[in-house]
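A closer look at the structure
Residues per chain are reported as follows:
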Amino acid sequence: MIATKSLSTRKMTVIGMLGAVSIVLGMTPLGFIPIGPTKATIMHIPVIIAAMIEGPLVGAIVGLIFGIFSMIQSITSPTVVSFVFWNPLVSVVPRILIGIVSYYSYASIRKIIKNDTLAVAFTGAIGTLTNTVGVLCMIYLLYGVRFVEAIGQDISSVGKIIMGIGITNGIPEMIVAILIVTGVMRGLKLISK
């Protein structure tokens, strides 16, 4: 009963629409782009948008969908490092946090910066960082040496290698997120006028 009250028809519609976008991205090569033994993603973008337009619960639910498809992708289209994504602490928890962090970041930034476009852009960057840092920190903490061995690198440089992956994948993911999230939010603002 409580869950029904907190999820209005509008919120459920947003979950359905952005969840469907996440599912399409998760089931096609669009959502996970191979970069060497790892994969970059744009699946965090619907999570960020969901959080900004409907709040942390909606963002977290769309993040859960992203996390589940990340786990499914690691099983159905494996790479040498897919084993790390079989653990929900790596594949699901950071993705749920994207929605929560994005919502509270957006709410806070809007109070500081009166320019909504800049607030949206910063939120896109922060949401992306939440994904990248969350996933890579969990990999480092839970599988660091095994992960680096799997990609054929020197295990004495675990931190540097994981940091390098974060920079290589994270920066392009952040740029794409800023552009798409800003465009979508601007479009939604124009439609609602």
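Everything below is about the structure shown above.
First things first, this report covers the structure right here in the doc.

What counts and what doesn't
Residues numbered from 1 in each chain as written. Predicted model: local features only at pLDDT ≥ 70, side-chain atom pairs only at ≥ 80, totals over all residues. Heavy atoms only, no water. Helix = DSSP H or I, 4+ residues; strand = E, 2+ residues; numbered from the N terminus. Expected span 1.5 Å × (residues − 1). Contact = heavy atoms within 4.5 Å. Salt bridge = Lys/Arg side-chain N within 4 Å of Asp/Glu carboxyl O. Buried < 20%, exposed > 50% of the residue type's maximum accessible area, 1.4 Å probe, protein only. Core = buried A, V, L, I, M, F, W, Y, C linked by side-chain atoms within 4.5 Å.

The end-to-end C-alpha distance of helix 6 (residues 93–112) is 29 Å, a good match for the 28 Å that 20 residues give at a rise of 1.5 Å each. Buried-residue contacts for helix 6 involve helix 3 (44–54), helix 4 (56–76), helix 5 (88–91), helix 7 (116–150) and helix 8 (158–192).

This part covers the pattern of salt bridges. In this structure the tally under the stated criterion is three salt bridges. Linking Glu 54 and Arg 10 is a salt bridge whose minimum nitrogen-to-oxygen distance equals 2.2 Å. Separated by 44 residues along the polypeptide, Glu 54 in helix 3 and Arg 10 in helix 2 (residues 9–27) bring together distant segments of the chain. We classify Glu 54 as buried; its relative accessible area is 10%. Given a relative accessible area of 55%, Arg 10 falls into the exposed group. A salt bridge links Arg 110 to Asp 116; the nearest nitrogen and oxygen atoms lie 3.5 Å apart. When salt bridges that share partners are traced, they join Arg 10, Lys 11 and Glu 54 into one network.

Another aspect to go through is helix 4. Taking 1.5 Å per residue, 21 residues should reach 30 Å; helix 4 reaches 30 Å between its end C-alpha atoms and fits that length. Within helix 4, the full set of buried residues consists of Val 58, Gly 59, Ala 60, Val 62, Gly 63, Ile 65, Phe 66, Gly 67, Phe 69, Ser 70, Gln 73 and Ser 74.

What follows deals with the nonpolar core. Soluble globular proteins tend to bury their nonpolar side chains together. Among the nonpolar cores identified, the biggest contains 26 residues, and Met 52, Val 181 and Met 185 are the most heavily contacted of them. Listed by contribution, the elements that provide at least two residues to this core are helix 2, helix 3, helix 4, helix 6, helix 7 and helix 8. Sorting elements by how many residues they give to this core places helix 3 first, with six residues. Beyond its immediate sequence surroundings of up to four residues, Met 52 is in contact with Tyr 106, Val 120, Thr 123, Val 181 and Met 185. Core analysis: the next-biggest nonpolar cluster, separate from the first, contains 16 residues, Phe 83, Ile 151, Val 158 and Ile 162 among them.

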